[in-house]
Amino acid sequence: MEDPAAPGAGSASTNGNGNGGGKGKQTAPKGREAFRSQRRESEGSVDCPTLEFEYGDADGHAAELSELYSYTENLEFTTNRRCFEEDFKTQVQGKEWLELEEDAQKAYVMGLLDRLEVVSRERRLKVARAVLYLAQGTFGECDSEVDVLHWSRYNCFLLYQMGTFSAFLELLHMEIDNSQACSSALRKPAISIADSTELRVLLSVMYLLVENIRLERETDSCRWRTARETFRTELSFSMHNEEPFALLLFSMVTKFCSGLAPHFPIKKVLLLLWKVVMFTLGGFEHLQVLKVQKRAELGLPPLAEDSIQVVKSMRAASPPSYTLDLGESQLAPPPSKLRGRRGSRRQLLTKQDSLDIYNERDLFKTEEPATEEEEESAGDGERTLDGELDLLEQDPLVPPPPSQAPLSAERVAFPKGLPWAPKVRQKDIEHFLEMSRNKFIGFTLGQDTDTLVGLPRPIHESVKTLKQHKYISIADIQIKNEEDLEKCPMSLGEEVVPETPCEILYQGMLYSLPQYMIALLKILLAAAPTSKAKTDSINILADVLPEEMPITVLQSMKLGIDVNRHKEIIVKSISALLLLLLKHFKLNHIYQFEYVSQHLVFANCIPLILKFFNQNILSYITAKNSISVLDYPCCTIQDLPELTTESLVLKKLRKQGIKSNFLSGDHLLCLGFQKGNQKMNRSWRQQPVLLEEPLFLHQPSEAAQ
């Protein structure tokens with residue numbers, strides 16, 4: 001193998017004719033090769049898998065249900081089944097649950113809810129476990145995972161129609177206000193999963209109800225569709241002078257982060273909060289429908305594209321390996337002076353006019369769609385880059401000789417155009433005309449974009465092109481309306497604000513919004529894979545650590561996988577929740593979005609996201625922090641095989657190279673962070689982002705140092 005540091009292994013100090021390429025520049029090729037070698041080592045530690053990734057609101061139905069339970073809770077499946085069977089035998093003789101008629105099932109559920117209203121906590125917990133077993137699909141009477149998921153969904157609709165959610169909501173209020181449990185947890189030196197048993201059972205039942213009812217299928221009956229809309233309304237609006245359910249969960253998050261209730265199962269709380277917000281406000285597809293409706297109400301032209309569909313159709317791309325070259329090209333001499341140097345020719349990649357000349361020289365460019373061979377060639381990043389560089393090795397100003405053989409179309413990846421429709425704001429047109437008028441005629445005309453007298457013809461064409469792609473957003477209309485209300489408050493009167501679920505949620509969150517955002521970022525910091533353990537940080541592992549710590553290597557490996565999986569699920573739920581809130585608040589009103597972004601930026605959310613990305617993302621995504629045989633519903637149907645340290649290592653490495661047709665949680669949280677970071681940066685692009693000490697930390701984060 002050729003040594004990257006050898007003089008002949010990529011040195012650009014001489015050209016093809018043996019001429020020198022400049023004095024004192026021989027260290028640059030070594031730096032480039034070292035950069036490439038470092039990148040290959042960082043990404044080569046893990047074989048790059050082939051993933052068929054589809055971006056959506058959430059993962060598959062079974063995967064979302066399995067993430068509710070930690071592997072430490074697997075023993076409780078048997079406990080739930082035993083509690084149900086003991087109670088069921090006292091009420092029904094000689095039959096099983098699946099053999100009962102619907103009326104008999106409803107009568108039994110009503111009896112369970114009546115037995116919930118007892119004083120004894122032990123008896124109440126047993127009945128709650130029996131309800132949880134029903135919501136889990138009565139897996140003891142099923143033969144396959146499909147049957148478990150089917151009966152889980154059926155039972156959840158039945159439980160909701162009988163008023164189970166309201167009953168469990170009252171029990172949840174009682175457990176939140178249980179000062180005895182809070183004080184007991186504060187006195188313990190180490191909190192385990194046993195300290196949150198009642199809360200975990202209640203939150204599990206409520207999560208299963210929300211997740212199963214939220215799922216829409218074409219085969220759903222009209223009764224189920226009506227129940228879904230009723231449930232959505234019940235969660236969205238205040239019922240019986242109570243706050244929306246999402247605000248109760250937000251208060252649990254802040255209480256947990258303040259240290260007053262360290263025994264709260266925070267993973268279940270965050271998962272339930274994320275799914276409640278998604279269910280009440282709507283996912284990405286519903287958000288796009290709302291955006292189209294709102295633009296039509298405001299008299300704006302329809303959207304040219306759906307951003308989510310564009311993202312789904314985009315091909316995966318990795319960062320260029322020649323980043324160092326692009327940085328050096330800004331300081332390099334012009335290509336005309338150093339025509340023979342390979343490094344100087346790469347500067348053409350950064351110039352638009354060179355790309356235009358490249359397109360004009362293209363003998364194979366047609367309007368026909370690309371063939372499969374061309375698409376496969378375009379997917380090979382290294383071969384595509386070499387093909388482009390081979391084309392640019394020739395002087396673009398000199399036409400090729402007639403005798404030259406045509407270039408192979410299989411090695412060239414032609415530009416396909418931008419994936420997004422270009423958008424131009426009114427301020428962009430005004431700024432362009434202001435600069436052009438100052439340059440050519442010496443004065444400006446303010447906001448006049450129609451008068452082009454005295455400007456050359458190319459400026460006319462540029463203004464025409466800009467106006468063709470002019471985009472008026474909903475935010476522009478909202479800002480203009482607010483300015484008009486400030487100027488004429490008496491004549492325009494009071495603004496009528498529609499009572500939408502998003503508006504009600506924002507009004508409820510407004511008073512404690514800074515505390516909510518800081519609490520989420522606190523948990524995110526504690527779950528970040530690059531964060532160091534601090535004595536003053538919150539403990540997010542209270543609902544995953546067993547009562548007795550592992551004593552064998554196998555138990556330690558299993559707990560380690562469970563802890564990493566626990567952190568990944570927490571980070572995924574927070575990233576998806578923040579992205580949903582930012583998107584819906586931006587559509588509802590731009591100032592709501594600005595206010596939320598302001599508190600996130602002030603709490604140093606951007607450096608925290610950068611801290612999360614300060615790792616080998618490829619290794620993070622391909623890490624297998626799960627044991628498939630222990631996931632729900634597989635663990636409830638099949639007999640668990642004997643686990644060994646060797647089998648756990650194989651399962652951990654098996655993810656590499658496997659195609660995945662479903663949405664991975666690691667991909668979702670990375671994309672959620674990236675899109676949320678973009679939104680906050682666009683919101684604050686006119687103001688400096690201070691990488692200071694976070695408001696919720698005693699020491700600055702590593703990304704801020």
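Residues numbered from 1 in each chain as written. Predicted model: local features only at pLDDT ≥ 70, side-chain atom pairs only at ≥ 80, totals over all residues. Heavy atoms only, no water.

1. Notes on the overall build of the chain
- Looking only at helices and strands, the chain has 32 helices and 0 strands in total.
- Evaluated residue by residue, the chain yields a buried proportion of 44% over its 705 residues.
- Expressed as a percentage of contacts within the chain between residues at least 6 apart in sequence, the contacts between residues at least 24 apart total 77%.
- Summing over all exposed atoms, the chain offers an accessible surface of approximately 37600 Å²; the carbon and sulfur share of this is 54%. (Helix = DSSP H or I, 4+ residues; strand = E, 2+ residues; numbered from the N terminus. Buried < 20%, exposed > 50% of the residue type's maximum accessible area, 1.4 Å probe, protein only. Contact = heavy atoms within 4.5 Å. Areas by Shrake-Rupley, 256 points an atom, 1.4 Å probe, with all protein chains shown as cover.)

2. A look at the side chain of Ser 204
- Relative to the helices and strands, Ser 204 is located in helix H9 (residues 197-214).
- In this structure Ser 204 comes out as buried when scored by relative accessible area, which is 2%.
- Setting aside chain neighbours within four positions, we find Ser 204 in contact with Leu 68, Tyr 69, Leu 132 and Lys 268.

3. A closer look at the pattern of salt bridges
- Scanning the entire structure with this criterion turns up 24 salt bridges.
- In this structure, Asp 220 engages Arg 228 in a salt bridge whose closest nitrogen and oxygen atoms are separated by 2.6 Å.
- On the accessibility criterion, Asp 220 (8% relative accessible area) is buried.
- Note on Arg 228: relative accessible area 3%, which makes it buried.
- Each of Glu 64, Glu 67, Glu 211, Arg 214, Lys 275 and Lys 572 takes part in one network of salt bridges that share partners. (Salt bridge = Lys/Arg side-chain N within 4 Å of Asp/Glu carboxyl O.)

4. Quick look at helix H11 (residues 245-257)
- End to end, H11 covers 19 Å across 13 residues, agreeing with the expected 18 Å (1.5 Å per residue, within 8%).
- Counted residue by residue, H11 has 10 buried out of 13 residues, so it is predominantly covered.
- Along H11, the residues that are buried comprise Phe 245, Ala 246, Leu 247, Leu 248, Leu 249, Phe 250, Met 252, Val 253, Phe 256 and Cys 257.
- Among the residues trailing H11, Gly 259 stands out with phi positive, at a value near 90 degrees. (Expected span 1.5 Å × (residues − 1).)

5. Quick notes on a negative patch on the surface
- On the surface, Asp 114, Glu 117, Glu 170, Glu 242 and Glu 243 cluster together into a negatively charged patch.
- Of note, Glu 170 is situated in helix H7 (residues 164-176). (Patch = residues over 30% accessible without salt bridge, like charges linked within 9 Å, V, L, I, M, F, W, Y side chains within 5 Å. Lys, Arg positive; Asp, Glu negative; His and termini not counted. Charge placed at Lys NZ, Arg CZ, Asp CG, Glu CD.)

6. A look at the packing of aromatic side chains
- Overall, the coordinates contain 20 aromatic pairs when judged by the stated rule.
- When the centroid spacing of 4.6 Å and the interplanar angle of 45 degrees are considered together, the rings of Tyr 160 and Phe 231 count as tilted. Here Phe 231 lies in helix H10 (residues 222-236) and Tyr 160 lies in helix H6 (residues 145-161), a separation of 71 residues in the sequence.
- Owing to a relative accessible area of 10%, Tyr 160 belongs among the buried residues under this scheme. (Phe/Tyr/Trp six-rings, centres within 6.5 Å; stacked < 30°, edge-to-face > 60°.)

7. Examining the nonpolar core
- In terms of nonpolar packing, the biggest core is built from 129 residues, with Phe 245, Val 253, Met 509 and Ile 523 touching the most fellow members.
- A total of 14 residues in this core trace back to one element, the largest contributor, which is helix H26 (residues 553-588).
- Beyond its immediate chain neighbours, meaning those up to four positions away, Met 509 contacts Leu 247, Phe 250, Tyr 516, Met 517, Leu 581 and Phe 585.
- The next biggest cluster of nonpolar side chains, apart from the first, holds 7 residues, and it includes Ile 429, Leu 455, Ile 459 and Val 463. (Core = buried A, V, L, I, M, F, W, Y, C linked by side-chain atoms within 4.5 Å.)

8. Things to note about helix H25 (residues 513-527)
- The terminal C-alpha atoms of H25 lie 21 Å apart, and with 15 residues this matches the ideal 21 Å at 1.5 Å per residue to within 8%.
- Of all the residues in H25, the buried ones are Leu 513, Tyr 516, Met 517, Ala 519, Leu 520, Leu 521, Ile 523, Leu 524, Leu 525, Ala 526 and Ala 527.

9. Quick word on unusual backbone geometry
- In this structure, the amide linkage connecting Tyr 632 to the following residue, Pro 633, adopts the cis form with an omega of 5 degrees.
- Looking at the element boundaries, Pro 633 is found in the loop between helix H29 (617-622) and helix H30 (634-637).
- The phi dihedral of Asn 604 falls on the positive side, at around 65 degrees, and the residue is not glycine.
- Relative to the assigned elements, Asn 604 resides in the loop between helix H27 (590-602) and helix H28 (605-613).
- Asn 604 gets classed as buried once you look at its relative accessible area, which sits at 3%.

10. A word on the packing of helix H20 (residues 426-440) against helix H21 (residues 457-468)
- One can describe the packing of H20 onto H21 by two numbers: an axis separation of 11 Å at closest approach and a directional angle of 170 degrees. The orientation of H20 with respect to H21, classified from their angle, is roughly antiparallel. Between H20 and H21, the contacting residues are Ile 429, Phe 432, Leu 433, Ser 436 and Phe 440 on the first element and Ile 459, Ser 462, Val 463, Leu 466 and Lys 467 on the second.
- Residues belonging to the contact of H20 with H21 are distributed by class as follows: 7 nonpolar, 2 polar and 1 charged. (Axes fitted to C-alpha atoms, helices over the stretch in contact; angles between N-to-C directions. Parallel < 35°, antiparallel > 145°, perpendicular 65-115°, else oblique. Nonpolar A, V, L, I, M, F, W, Y, C, P; charged D, E, K, R; others polar.)

11. Side note on the environment of Ile 523
- Among the structural elements, Ile 523 can be located in helix H25.
- The buried category is assigned to Ile 523, whose relative accessible area is 0%.
- The spacing of Ile 523 and Ile 570 is 47 residues in sequence and 8.1 Å in space, taken between C-alpha atoms.
- Setting aside chain neighbours within four positions, we find Ile 523 in contact with Val 253, Phe 256, Cys 257, Ile 266, Leu 270, Ile 538, Ile 540, Ile 570 and Ile 574.

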